[in-house]
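Report on the structure
The chain contents come next:
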Amino acid sequence: MRIGMKNGMEEEALYRAGIDYLLDWYDLNQRILPWRQNPKPYYVWISEIMLQQTRVEAVRRYFERFIAKLPEVGALAAVSEDLLFKLWEGLGYYTRARNLKKAAEIMVRDYGGEVPGDYKILLSLPGIGSYTAGAVASIGFGLPEPAVDGNVLRVMKRMAGSFDDISKASVKKRLEEQIRDMIPKDRPGDYNQALMELGATVCIPNGKPLCEACPVMHLCRTFYSGAWQQIPVKAAGKKERQIRERTVFVLKREDRYGIRKREEKGLLAGLWELPGTENRLGIEEAGNYLKKLGYAVKDMTPLGEAKHIFSHMEWHMTGYLADLGEDEKTESAGNPEFVKDSEAYGEGIPGVCFFHGEEIIRKYSLPSAFDAYKKQFLKEKDDQDSEF
Ligand code: SF4
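Residues numbered from 1 in each chain as written. Predicted model: local features only at pLDDT ≥ 70, side-chain atom pairs only at ≥ 80, totals over all residues. Heavy atoms only, no water.

1. Let's talk about the overall build of the chain
- A count of helices and strands for the chain gives 18 helices and seven strands.
- Of all 388 residues assigned to the chain, the portion counted as buried reaches 51%.
- Excluding contacts between residues fewer than 6 apart, the proportion of contacts in the chain whose partners are at least 24 apart in sequence is 68%.
- Accessible surface computed for the chain: about 19000 Å², of which carbon and sulfur atoms make up 50%. (Helix = DSSP H or I, 4+ residues; strand = E, 2+ residues; numbered from the N terminus. Buried < 20%, exposed > 50% of the residue type's maximum accessible area, 1.4 Å probe, protein only. Contact = heavy atoms within 4.5 Å. Areas by Shrake-Rupley, 256 points an atom, 1.4 Å probe, with all protein chains shown as cover.)

Given below as structure tokens:
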């Protein structure tokens, strides 16, 4: 038998009944996080964007590094793209970093270099949706706005025993309205964070919820029905990911390695990458391909297969270390204007620039898709470090 709420009024009454239990539980159980210790709007905003696809424990490290370099809106607005991406390296979804900078530029231009304390204005900024706007407004400014993400939807729908389809925008919107009506005016940020925290640590997404540790167990319809595997309902199936085959080259010219910028549109737009082809080449084919482009290939070493999963696509890669021999242009090392293949070495792969491995690691952000092949530079760095 389904034990659920009959209508939205009953649902809302149940949510209201849970408020104090949730706040008391949050007071005792919240995790200590740097952006919670000091919930400046700027910190809340940065941390919420970082948390969108990454676990709290991992974000803590990135957050501290980011804030140390870019402590306020003005610094973020003025940062170079290379440093921004370097600080973002490992978090993926680089569009989020780009949008942070774009939003910071607007804040400098229109809002005196501060995060605006207005839900609707926040919502109008690049990269800020209703969840982030609600989180910044409620946690950073104490405004009574909802912050509904997947965690909150799961907790609330389980509490109500509701079989609403949470992939529908209308279901999320309705819950936002319900929370806006009842959110405690004296502690809106804590209420939102209590729901998020409960969803992350107790009413968990994968596996059995830890109901015995839940402060609203006595109110929860799903606890009584046992239907935690059916709730929340998420009808919209995920699209199958496309599989793309690729060959990745680690081009080594004496002690420098080739990287280049991707096009400004599409996947990983404008980021640095290891050059390659959009098909899978055997070692002989790969060598011939590079020779045809004018490279004097001395040696080819297979670096093995690797896979990287994006939200909508998988790269299935095979990699080669291509030793291009001596470097006659050492004096220009590190200056992309002089070492672009097309200018200095004939045709080559357009846009490739050669840098020392240590310099690539320190200054340039290569997306984690290339992690398996980046090891070549790390190896060089380790070798250098061990010499001292
Ligand atoms: Fe989730 Fe269990 Fe708490 Fe209900 S009682 S909200 S199912 S953890």
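2. Side note on the side chain of R154
- With respect to the helices and strands, the residue R154 is situated in helix α10 (residues 150–160).
- Once you skip the residues sitting within four places of it in the chain, R154 turns out to touch G199, A200, C203, I204, P205 and P232.

3. Some thoughts on the site of the ligand
- In the vicinity of the ligand, the contacting residues are R158, V202, C203, P209, C211, C214, M217, C220 and F223.
- Here the shell around the ligand is built from residues that sort into eight nonpolar, no polar and one charged. (Near = heavy atom within 4 Å. Nonpolar A, V, L, I, M, F, W, Y, C, P; charged D, E, K, R; others polar.)

4. Focus: the layout of surface pockets
- Its boundaries defined by the atoms lining it, the largest pocket holds a volume of some 1400 Å³.
- Taken together, 38 residues form the lining of the largest pocket, with L51, Q52, D149, G150 and N151 sitting closest to its centre.
- Of all the elements in the fold, those that place two or more residues in the lining of the largest pocket are α2 (34–37), α3 (41–51), α4 (56–69), α9 (130–141), α10, α11 (169–182) and α12 (188–201).
- Here the lining of the largest pocket is built from residues that sort into 17 nonpolar, nine polar and 12 charged.
- One number sums up the size of the second largest pocket: a volume of about 550 Å³.
- G92, Y93, I309, F310 and S311 are the residues nearest the centre of the second largest pocket, which is lined by 22 residues in total.
- Elements supplying a minimum of two residues to the lining of the second largest pocket: α7 (95–110) and β5 (299–309).
- Of the residues that constitute the lining of the second largest pocket, the class distribution is 11 nonpolar, nine polar and two charged. (1 Å grid on protein atoms, 1.4 Å probe; cavity = no way out; pocket = protein on both sides within 12 Å on 5 of 7 lines; lining within 4 Å. Points joined across faces, edges and corners; volume = space filled by probe spheres on them.)

5. Brief notes about the packing of α3 against α9
- Two elements in contact, α3 and α9, have axes whose closest approach is 9 Å; the angle formed by their N-to-C orientations is 145°. The crossing of α3 and α9 is right-handed. Of the residues in α9, those in contact with P41, V44, W45, E48 and I49 of α3 are Y131, T132, A135, V136, I139, G140 and F141.
- Here the residues of the contact of α3 with α9 are counted per class, giving nine nonpolar, two polar and one charged. (Axes fitted to C-alpha atoms, helices over the stretch in contact; angles between N-to-C directions. Left-handed = near helix turned anticlockwise from the far one by under 90°.)

6. Comments concerning the nonpolar core
- Grouped together as the largest cluster of nonpolar side chains are 97 residues, with contacts concentrated most on Y42, W45, F66 and L76.
- If you look at the next biggest cluster of nonpolar residues, it comprises 15 residues, including L293, V297, M300 and A322. (Core = buried A, V, L, I, M, F, W, Y, C linked by side-chain atoms within 4.5 Å.)

7. Overview of the packing of aromatic side chains
- Evaluated as defined, the whole model comprises 13 aromatic pairs.
- For the ring pair Y42 and W45, a centre distance of 6.1 Å and an interplane angle of 65° mean the geometry is edge-to-face. Taken together, the residues span about one helical turn, with Y42 and W45 both in helix α3 at a distance of three residues. The two residues Y42 and W45 agree in class, both being buried. (Phe/Tyr/Trp six-rings, centres within 6.5 Å; stacked < 30°, edge-to-face > 60°.)

8. Brief notes about unusual backbone geometry
- The peptide bond linking I231 to P232 adopts the cis configuration, its omega dihedral lying at 5°.
- Considering the arrangement of structural elements, one finds P232 in the loop between α13 (221–225) and β1 (242–253).
- Even without being glycine, E254 reaches a positive phi, approximately 55°.
- With respect to the element layout, E254 can be found in the loop between β1 and β2 (256–261).
- The class of E254 is partly exposed, set by a relative accessible area of 36%.
- One non-glycine residue, L268, lies in positive phi territory at about 50°.
- The residue L268 is located in the loop between β2 and β3 (272–273) in this model.

In short, geometric facts, not functional conclusions.
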